[in-house]
Each structure stands twice: as C-alpha cells, then as structure tokens.
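Close look at the chain arrangement
Now for the letters of each chain:
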Amino acid sequence: MTISATQKIPSYSEIPEHIAVIMDGNGRWAKQKHLPRVFGHKKGLDALENLVRCCFDAQVKYLTVFAFSTENWRRPLEEVNFLMELFLSALQKKVTLLYKNNICLRVIGDRNRFSKSICEHIQKAETLTQNNTAMTLTIAADYGGKWDILQAVNKLLAAGKTEITESDLAANLMLSDIPDPDLYIRTGGEKRISNFMLWQMAYAEFYFTDILWPDFGREEFDNALNSFKKRERRYGRTSEQLPIEQQRP
Ligand code: FPP
C-alpha cells in the first residue's frame, strides 16, 4: 500500500524529541531510609538536575517534569511549604547553570496561588533564558491536565468561539508551540497519568519503572531510551503502512 500526502505519517527519530516525566517516589525513598519525607524531595531535586544532564547529552530537545500538581495542595502544609521553598531556591540557584548551558526554562501552570517572590523569580528566569536554544526544560507547577484543557476552552470562549476544533484547542494549551511528548516516564511503581498533560499525551509512549525518583539515574534513563527505540509508533495505522525504517520486528 502506498501512502498519500493526506495520510502523512509523523517522522520521528530514535531519540524522543520531547520527554515528560512524573518524578514519583520521593516520600517512599525517604521513608525507606527512616528520614522525613522532605529529604526525599531534596534528593529528588538532585535527580532532576542529573536528568537534565542526561537529556542534554542525548540531545533531547524538550524535557517537561511534573513538580507540583493542582492536587498537591492537599498535602500537609509543612510539606507544601517545603516544596515551595525548594522551588524558589532551585529557581535562584540553578538558573545561571541553565543559562550558561543554553537551556531555556519555562514554567506551566496556574500561578495565582504562588507567592509574589516565586512569581517574580519564575518571570526573571524565563526572561533570562528565553532565547536559549539547546534544550527547553519545562517545570509543571500547580499544573493539571484538566486545568490546562479548561483554560484553553475559556480562552476560546472569551475570543467569541462557539464551536471548537481540535486544532483550536491544541493551539491554546500550555506548550502549544512545542511538539507533544514522545516518551512519558513515571518512576515509583504507579502506572497512572495523574492528571498530567492529558491532551498532549495522546500518542506518547509510556515507560514505567519501580525505581523511586531520587534513585533515577543515567542507567535507568538509558533503559527508558532503549525501550523507546523498540516501540513501533503506528498512530492508528497497521505496521505494514509504515515506512520500513519505522517498522519494528
Ligand atoms: C512525588 O513524590 C513528587 C512530588 C510531588 C514533588 C516532586 C518534586 C521534586 C522532584 C523536587 C524538585 C523539583 C523542583 C522543581 C523544586 P511523592 O512525594 O508523591 O512520593 P511518594 O509517592 O513516595 O509519597
């Protein structure tokens, strides 16, 4: 069977262009070591820094991580406050490193509940790194996939739309200007999407690992990439319809 122009198959490389990650298991990592949960989050930040290096080395263009969900406000106040402090100190301490490595930093989510100081530092970091081109690191903070879809619909309604197409909605989501995730990694043993980028994840390949987030290093990153290389991405088609180089045994 030949493939006509209207049946164009997305081309993709063996390296995912966009990786999305749910960094789960910080609390359990700390508990295993008889430490307070917040120690797990501290270690989690180190693991995130390492992941950015891994992606940079592998020439992954976009990395999006779920740092704080719209539902995470339900956690004990002490833990929420700690996560906010950690976010603020990461913004203060790591932005220069990102800038020097030509990495663009973006933050997606509802900023209304963040402190003035966090909002100012987000703005500063985004402005400083906005023209960087090697890689884009996006932090999803007070983010939810349902929130994202609703904010897009509300923008369209405010613009007077009465009927919404798929491309209208896609164009108004967070990260509408970058490709949807190719690979979605979740650590910590749970096999769920937890209200992460619900729309954008429609054709992502999933990789679940029992490894707890603070222990996620280069070896497991390579395992995820190797698993991705073996996936046949058919986008609804049959294997035989794919170009030969995209077919998998
Ligand atoms: C999930 O583990 C993790 C979080 C809710 C927070 C993720 C935060 C970091 C990795 C810190 C670094 C990020 C930034 C941007 C400051 P969990 O607490 O649900 O673990 P559990 O399932 O074992 O309880």
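Look up: the structure comes first, before these words.
This text gives an overview of the structure that appears in the document. (Residues numbered from 1 in each chain as written. Predicted model: local features only at pLDDT ≥ 70, side-chain atom pairs only at ≥ 80, totals over all residues. Heavy atoms only, no water.)

**Quick notes on the site of the ligand**
Looking at the ligand, there are 17 residues lining it, with Asp24, Gly27, Arg28, Arg37 and Arg75 nearest. Between the ligand and Asn26 there is a distance of 3.1 Å, counted from an oxygen atom to a backbone nitrogen or oxygen. Here an oxygen atom of the ligand sits 2.7 Å away from a polar atom, N or O, in the main chain of Arg28. The cavity where the ligand resides is the largest pocket. At the level of elements, α1 (26-32), α2 (37-57) and α3 (77-100) are the ones that each hand at least two residues to the shell around the ligand. The element contributing the most residues to the shell around the ligand is α2, with five residues. Along the lines of polarity and charge, the residues of the shell around the ligand split into seven nonpolar, six polar and four charged. (Near = heavy atom within 4 Å. Polar contact = N/O pair within 3.5 Å; in protein donor to acceptor, adjacent residues only side chain to side chain. 1 Å grid on protein atoms, 1.4 Å probe; cavity = no way out; pocket = protein on both sides within 12 Å on 5 of 7 lines; lining within 4 Å. Sits in = over half its atoms within 2 Å of the grid points. Helix = DSSP H or I, 4+ residues; strand = E, 2+ residues; numbered from the N terminus. Nonpolar A, V, L, I, M, F, W, Y, C, P; charged D, E, K, R; others polar.)

**Concerning the side chain of Thr187**
Mapped onto the elements, Thr187 comes out in the loop between β5 (183-186) and β6 (205-208). Within the structure, the side chain of Thr187 is placed 2.7 Å from the backbone oxygen of Asp24, a separation counted as a polar contact. Residues within four places of Thr187 in sequence aside, it is in contact with Ile22, Met23, Asp24, Thr209, Ile211, Leu212, Trp213 and Phe216. (Contact = heavy atoms within 4.5 Å.)

**Examining the environment of Glu240**
Counting through the fold element by element, Glu240 comes out in the segment after α7 (218-229). For Glu240, a relative accessible area of 63% corresponds to the exposed category. Placed 22 residues apart in sequence, Glu240 and Arg218 show a C-alpha to C-alpha distance of 34 Å. (Buried < 20%, exposed > 50% of the residue type's maximum accessible area, 1.4 Å probe, protein only.)

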